[in-house]
Amino acid sequence: MKKDKILVIGACGQIGVELTLALRKMYGDANVIASDLREEHDLLKGSGPYVSLDVMNKEMLHVLVIRHNITQIYLLAAILSATGEKNPLLAWHINMASLLNVLDIAKEEGLDKIYWPSSIAVFGPNSPKADTPQHTIIEPTTIYGISKFAGERWCEYYNTRYGIDVRSLRYPGLISYKSAPGGGTTDYAVEIYHEALEEGSYKCFLSEDTYLPMMYMPDAIRATIELMEADSAKISVRSGYNLSGMSFSPKEIAGAIREHIPTFSISYEPDYRQQIADGWPQSIDDELASADWGWKPEFNLEKMTADMLKNLRLQKG
Ligand code: NAD
């Protein structure tokens, strides 16, 4: 039997650090190679092999895959929603070329499995806002959403045309305390906890009643691993599964923080990210993820808030 050997691309990002550490626990440290453009993240240092890689350099990626007998790739490198709006052509180029490089090498080398995350950003202003279904109107208006939607089509195409076992989740906004977020529209829900502890107040770049789908990182890591471990025959969606954790507004997260820090105050100064958020769903229907591979979230707003504040307090000393 071929031994699993995993390459994580974009391992130093918000998801990459925690996912790499989780995969190392499951597959053994030496069998999970972390890679990124950036310097190795402090939390990864000493935990397993690290290589410097630009995913846009297809030849270098190809050599790495062959040299290390890679069998699975987790592609996490991307330009996120808010950053993408500042340089749309660059975001399109990086998000598409990185995925096509990986899919094509998977085809040439006959890799076992590919993971590539999509996002709730595939939905647009004409999609239903509440409990947005898996299959519905998909008309993204941000370049990030357009690149994720095109990427989903490519994933499904490589699966049906070439039999590549590619799997994907439409992550909601992800909240974590270990590694910093990378320029998304839901970053406020991470910043707010830091500012609550450091300043006792927070100026939010979204308006108070902006509901968005969100998820705590431990749930997102578990969902990713459960999807990747599921029997291939159970995977009915090869584009990107809807995935739901919780849904809340800035006003509600501020209320949840006040349960722990009664003097915490919030003010609102919406910027260009408000328009991005207004085009996205407020909550997601993830019936298929639950039916196909048994997905069930563990964290709600209250449980996540208690855990975030406890861990950030420990981190900040
Ligand atoms: P991030 O920006 O925190 O991390 C991305 C990492 O990729 C960074 O460490 C960056 O240095 C690296 N990278 C960028 N260009 C690269 C290149 N050319 N070669 C190699 N590495 C490169 O992003 P994240 O939040 O960890 O997101 C990971 C994936 O999940 C992305 O596809 C993103 O679209 C998706 N996603 C994230 C969220 C979220 O809330 N964080 C929500 C939905 C989807």
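Heads up: these notes are all about the structure in this document.

About the criteria used
Numbers given to residues run from 1 along each chain, matching the order in which its sequence is written. Note on the predicted model: pLDDT of at least 70 is required for a residue's local features to be given, and 80 or more for side-chain atom pairs to be given and counted; whole-chain, interface and lining totals, by contrast, use all residues. To get the side-chain values, all heavy atoms of the structure are used, and hydrogens and water are removed first. Both cavities and pockets are sets of points on a 1 Å grid over the protein atoms alone; in a cavity a 1.4 Å probe fits but cannot get out, in a pocket the set is open with protein on both sides within 12 Å along at least five of seven lines, and lining residues sit with an atom within 4 Å of a point. Grid points are joined across faces, edges and corners, and a volume is the space filled by probe spheres set on the points. The helix and strand labels rest on DSSP assignments: H or I over at least four residues marks a helix, E over at least two residues marks a strand, and numbering proceeds from the N terminus. Put simply, a salt bridge is a Lys or Arg side-chain nitrogen that is within 4 Å of an Asp or Glu carboxyl oxygen. Only protein chains enter the accessibility calculation, which uses a 1.4 Å probe; a residue is then buried when its area is under 20% of its type maximum, exposed when over 50%, and partly exposed in between. Each nonpolar core is a collection of buried residues, namely Ala, Val, Leu, Ile, Met, Phe, Trp, Tyr and Cys, held together in the definition by side-chain atoms within 4.5 Å. The criterion for a residue being near a molecule or strand is simple. One of its heavy atoms has to lie within 4 Å of it. Side-chain atoms alone can form a polar contact between residues adjacent in sequence; in general such a contact is a pair of N or O atoms within 3.5 Å, and within protein one must be able to donate a hydrogen while the other accepts it. Methods summary: accessible areas were calculated by the Shrake-Rupley approach with a probe of 1.4 Å, and residue burial reflects only the protein chains presented. A molecule is counted as occupying a cavity or pocket when more than half of its atoms fall within 2 Å of that pocket's grid points. Here the nonpolar group is Ala, Val, Leu, Ile, Met, Phe, Trp, Tyr, Cys and Pro; Asp, Glu, Lys and Arg are the charged ones; every other residue, Gly included, is treated as polar. The pairing test for Phe, Tyr and Trp rings, Trp by its six-membered ring, is centres within 6.5 Å, and the orientation test on the planes gives stacked under 30 degrees, edge-to-face over 60, and tilted for anything in between. Two limits define a charge over a ring: the Lys NZ or Arg CZ must be within 6 Å of the ring centre, and within 35 degrees of the ring normal. For two strands to be treated as a pair, DSSP must find no fewer than two bridges joining them.

Our next topic: the layout of surface pockets. In this model, the largest pocket occupies a volume close to 870 Å³. Leu-76, Ala-77, Ala-78, Ile-79 and Leu-80 are, among the 40 residues lining the largest pocket, the residues nearest its centre. Elements supplying a minimum of two residues to the lining of the largest pocket: α1 (14-27), β2 (32-36), α3 (81-86), β6 (118-119), α5 (143-162) and β9 (173-175). With three residues, the top contributor of residues to the lining of the largest pocket is α1.

This part covers the pattern of salt bridges. Throughout the structure, instances matching the rule amount to twelve salt bridges. Notably, a salt bridge pairs Lys-45 with Asp-42, separated by 3.1 Å at the nearest N-O pair. With relative accessibility at 59%, the residue Asp-42 sits in the exposed group. Close ionic contact of Asp-104 with Lys-107 constitutes a salt bridge, the shortest N to O distance being 3.8 Å. Of the two residues, Asp-104 and Lys-107 are both situated in helix α4 (residues 88-109); the distance of three residues between them amounts to about one turn of the helix. Its relative accessible area of 16% is what places Asp-104 among the buried residues.

Once that is clear, we can look at the nonpolar core. Of all hydrophobic cores here, the largest spans 40 residues; its most connected members are Ile-175, Tyr-188, Tyr-193, Phe-248, Ile-253, Phe-264 and Met-304. Every element with two or more residues in this core is listed here: α6 (188-198), β10 (201-204), β11 (212-216), β13 (246-248), α8 (250-258), α9 (272-278) and α11 (301-316). The element contributing the most residues to this core is α6, with six residues. In terms of nonpolar packing, the next biggest core, distinct from the first, is built from 35 residues, Val-8, Leu-174, Met-215 and Leu-243 among them.

Neighbouring the ligand are 26 residues, the closest being Gln-14, Asp-36, Asp-54, Tyr-144 and Lys-148. A distance of 2.9 Å is found between an oxygen atom of the ligand and a backbone nitrogen or oxygen belonging to Ile-15. For the ligand, whose accessible area on its own is 830 Å², the fraction buried by protein is 93%. With respect to the pocket detection grid, the ligand is positioned in the largest pocket. Among the elements of the structure, α1, β6, α5 and β9 are those that each provide at least two residues to the shell around the ligand. Its residues placed into classes, the shell around the ligand shows 15 nonpolar, seven polar and four charged.

Moving on, we get to the packing of aromatic side chains. The full count for this structure, using the stated rule, is eleven aromatic pairs. Taken together, a centroid distance of 6.2 Å and an interplanar angle of 50° make the contact between Trp-154 and Tyr-158 tilted. Remark: Tyr-158 and Trp-154 occur in helix α5; sequence separation between them is four residues, near one turn of the helix. Judged by its relative accessible area of 33%, Trp-154 is partly exposed. Judged by relative accessible area, which is 6%, Tyr-158 ranks as buried. Ring centres of Tyr-188 and Phe-205 lie 6.2 Å apart, and the angle between their planes is 85°; on these two criteria the pair is classed as edge-to-face. One end of the pair, Tyr-188, is in helix α6; the other, Phe-205, is in the loop between β10 and β11, and 17 residues separate them in sequence. As far as the burial class goes, Tyr-188 and Phe-205 line up, both buried. For the cation-ring pair, Arg-273 lies above Phe-205, with the distance from its terminal atom to the ring centre recorded as 3.6 Å. Against the face of Phe-299 rests Lys-303, its NZ or CZ located 4.9 Å from the ring centre.

Take the sheet that holds strand β12 (residues 241-242) next. Read across the sheet, three strands follow the order β6-β8-β12 without closing on themselves; strand pairing throughout is parallel. Across the chains shown, the open sheet's two edge strands, defined by having one partner strand only, are β6 and β12. The pairing of strand β8 (residues 169-171) with β12 spans two bridges and is classified as parallel. Within β12, the position partnered with Arg-170 by the bridge is Asn-242.

The quantities given are spatial measurements derived from coordinates; they are silent on function.
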